[in-house]
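Single-letter residue listing:
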Amino acid sequence: MNMKQYAFGVDLGGTTAKIGLFTTTGDLLEKWEVPTDTSNAGEHIMENLAAAVKAKMTEKGFTNDDVEGVGVGVPGPVLNSSIVPIICANLGGWGKHNVSEEMGAMLDGMKVLVGNDANVAALGEIWMGAAKGCRNAVMVTLGTGVGGGVIVNGKVIDGVHGAGGEIGHITVNRHETATCGCGKHGCLEQYSSATGVVRCMKKLLDENPDTPCTLRGTDFAAKDVFDAARKGDALAAQEVTEMADILGMALASIAATTDPEMFMIGGGVARAGDVLFAPLNESYRKYAFRSCRETPIKQATLGNDAGMYGAVRLIVGE
């Protein structure tokens, strides 16, 4: 059966859903955003997405005969590319839905497939981004949290509970007393996310009250910590080194499990550039198994569009 010409990719976030109209060969034709209505446990989320897709089809004069399907990336675990089995914390209690069935019905039987947002971002990067041409790659997204996507032989490792690639919840410090958002202690996310960098920097400032630091007494974000380190602030540089060391150790553990062709780092924190990537590469090499020591660690290239690309990749397959 011939592939239809178009497909939609949706990256569903807590505040907005990013929607892209693509050709099935991977060209992004246009993109727009619709607000995510999390009221009443997100009961309007799927109908709003379906309405946005239908409106664009009407505008373009498309019927279901022109559109292969809609792929959706969601911030939570997914089973069988169709079911969101648990409630997604940042979607106002939305979850426990067979999205393929329910949203597919709203779109007159169109194919709807779903993936975890970090997994589909990885799929996007391996299809049209930094890892184009690779069969095996690992994506780590450093944003508010730490997301991950593991691709082996071109396929996402999603696992039996939909928790494959939950890199952010690898335990990296068993002595941590602070609790992670997931309820555990000492998760990678508590150190290497944007939120984690700020938390650890504040702790470092408290522990070193007499050390001068340009961030002291300011309301700083993760970006400010990297900027200060780049400008030679010793305490900020210490935090960046520690964060890179923990992340490098986690990547080395993943390399010993999946031995990818490359690691891609995405999300807002990745924009720090060399001030992050130089110590990260050094730390990774220190911890990595000998055979994996030269695995490149690159910045992801699709930025905020990666999730939409990967969602379309779910629809068009290999």
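That block above? That's the structure.
Note that the structure is predicted; figures quoted are calculated from it, not measured. (Residues numbered from 1 in each chain as written. Predicted model: local features only at pLDDT ≥ 70, side-chain atom pairs only at ≥ 80, totals over all residues. Heavy atoms only, no water.)

## Focus on the overall build of the protein chain
Stage number 1. Across its full length, the protein chain carries ten helices and twelve strands.
Stage number 2. Each of the 318 residues in the protein chain was classed as buried or not, and the buried ones make up 52%.
Stage number 3. Here the analysis covers contacts within the protein chain between residues at least 6 apart in sequence; of these, 59% occur between residues at least 24 apart.
Stage number 4. Taken as a whole, the protein chain presents about 14400 Å² of accessible surface, with 51% of it coming from carbon and sulfur. (Helix = DSSP H or I, 4+ residues; strand = E, 2+ residues; numbered from the N terminus. Buried < 20%, exposed > 50% of the residue type's maximum accessible area, 1.4 Å probe, protein only. Contact = heavy atoms within 4.5 Å. Areas by Shrake-Rupley, 256 points an atom, 1.4 Å probe, with all protein chains shown as cover.)

## Details of empty space enclosed by the protein
Stage number 1. In the structure shown here, the tally under the stated rule is one cavity of 30 Å³ or more.
Stage number 2. Considering only enclosed or pocket space, the largest cavity measures out at about 40 Å³ in volume.
Stage number 3. In this structure, the largest cavity is lined by L12, A17, V34, P35, T36, D37, I45, N48 and L49.
Stage number 4. Counting only elements with at least two residues in the lining of the largest cavity, the list comes to strand 3 (28-35) and helix 2 (45-60).
Stage number 5. The biggest single contributor to the lining of the largest cavity is helix 2, with three residues. (1 Å grid on protein atoms, 1.4 Å probe; cavity = no way out; pocket = protein on both sides within 12 Å on 5 of 7 lines; lining within 4 Å. Points joined across faces, edges and corners; volume = space filled by probe spheres on them.)

## With respect to unusual backbone geometry
Stage number 1. Unusually for a residue other than glycine, K96 sits at a positive phi of about 55°.
Stage number 2. Looking at the secondary structure, you find K96 in strand 6 (residues 94-98).
Stage number 3. If you check the backbone angles, D108 has positive phi at about 55° while not being a glycine.
Stage number 4. If you trace the backbone, D108 turns up in the loop between helix 3 (99-106) and strand 7 (112-116).
Stage number 5. A relative accessible area of 57% places D108 in the exposed class.

## Side note on the pattern of salt bridges
Stage number 1. Under the definition given, this model contains eleven salt bridges.
Stage number 2. In this structure, K56 and E30 form a salt bridge, with 2.6 Å as the shortest nitrogen-oxygen distance. One end of the pair, K56, is in helix 2; the other, E30, is in strand 3, with 26 residues separating them in the sequence.
Stage number 3. By relative accessible area, K56 is classed as buried at 9%.
Stage number 4. One salt bridge connects E176 with R199, and the closest N-O pair in it is separated by 3.3 Å. Of the two residues, E176 sits in the loop between strand 10 (155-156) and helix 5 (189-192) while R199 sits in helix 6 (residues 194-207), which places them 23 residues apart along the sequence.
Stage number 5. Residue classification places R199 among the partly exposed residues on the basis of a relative accessible area of 26%.
Stage number 6. Through salt bridges with shared partners, one network takes in E30, K56, E59 and K60. (Salt bridge = Lys/Arg side-chain N within 4 Å of Asp/Glu carboxyl O.)

## Regarding the sheet that holds strand 2 (residues 16-23)
Stage number 1. An order of 3-2-1-4-7 is seen for the five strands of this open sheet, with the pairing classed as mixed. If you trace the sheet from one side to the other, it starts and ends with strand 3 and strand 7, each paired once. Within the sheet, the average angular offset between the axes of one strand and its neighbour, ignoring direction, is 20°.
Stage number 2. Pairing of strand 4 (residues 67-74) with strand 7, which is carried by five bridges, proceeds in the parallel orientation. (Pairing = 2+ DSSP bridges. Axes fitted to C-alpha atoms, helices over the stretch in contact; angles between N-to-C directions.)

## As for the packing of helix 4 (residues 117-128) against helix 10 (residues 306-316)
Stage number 1. Running from amino to carboxyl end, helix 4 crosses helix 10 at an angle of 80°, the nearest separation of the two axes being 6 Å. Considered as vectors, helix 4 and helix 10 are oriented roughly perpendicular to each other. Contact with helix 4, carried on its side by V120, A121, L123, G124, E125, W127 and M128, involves A306, G307, Y309, G310, A311, V312, R313, L314 and V316 of helix 10 and no other residues of that element.
Stage number 2. Looking at the contact of helix 4 with helix 10 residue by residue, the classes come out as eleven nonpolar, three polar and two charged. (Parallel < 35°, antiparallel > 145°, perpendicular 65-115°, else oblique. Nonpolar A, V, L, I, M, F, W, Y, C, P; charged D, E, K, R; others polar.)

## Section: the side chain of N116
Stage number 1. The residue N116 is located in strand 7 in this model.
Stage number 2. Polar contacts involving the side chain of N116 include one to the main-chain carbonyl oxygen of G76, which spans 2.9 Å.
Stage number 3. One polar contact links the side chain of N116 to the main-chain amide nitrogen of A118, over a distance of 3.0 Å.
Stage number 4. When residues no more than four places from it in sequence are discounted, the contact partners of N116 are V74, G76, P77, V78, G148 and E166. (Polar contact = N/O pair within 3.5 Å; in protein donor to acceptor, adjacent residues only side chain to side chain.)

## Looking at the pairing of strand 8 (residues 137-142)
Stage number 1. Where burial is concerned, most of strand 8 is hidden: five out of the six residues are buried.
Stage number 2. Sheet topology note: the strand 8/strand 9 (residues 146-152) ladder contains six bridges and is antiparallel. Directly across from V140, in strand 9, lies its bridge partner G148.
Stage number 3. Linkage of strand 8 to strand 9, two consecutive antiparallel strands, is achieved through a turn of three residues.

Purely geometric numbers; function is a separate question.
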